[in-house]
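Structural overview for review
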Amino acid sequence: MKRKKVLQLLAKEGFVLKEGGNHTKVYDKNGKYLSAVSRQNEIRDDVVRLIEKQTGAKLLG
């Protein structure tokens with residue numbers, strides 16, 4: 001899955017995204033750290049599933 005799509009879906013779900021050095025960090029609305037998305041253009045499906053598990057968001061169809 002494309003990184004841009006993952007970030008769009010997370011933002012649409014209401015998560016706060018903050019740019020870090022090598023990853024984009026994902027926080028909930030209260031500022032609690034949940035996950036990180038690497039800067040690679042293509043994110044492997046197993047990594048996307050892990051991000052789903054950590055955040056509770058539905059990313060893969």
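Everything discussed here concerns the structure shown above.
Residues numbered from 1 in each chain as written. Predicted model: local features only at pLDDT ≥ 70, side-chain atom pairs only at ≥ 80, totals over all residues. Heavy atoms only, no water.

1. Some remarks on the pattern of salt bridges
The full count for this structure, using the stated rule, is four salt bridges. A salt bridge links Glu-19 to Arg-3; the nearest nitrogen and oxygen atoms lie 3.9 Å apart. Here the residue Glu-19 occupies a position in strand β1 (residues 16-19), and Arg-3 occupies one in helix α1 (residues 3-12), the gap between them amounting to 16 residues. The class for Arg-3 is buried, based on a relative accessible area of 15%. Residues participating in the shared-partner salt-bridge network are Arg-3, Glu-19 and Arg-39. (Salt bridge = Lys/Arg side-chain N within 4 Å of Asp/Glu carboxyl O. Helix = DSSP H or I, 4+ residues; strand = E, 2+ residues; numbered from the N terminus. Buried < 20%, exposed > 50% of the residue type's maximum accessible area, 1.4 Å probe, protein only.)

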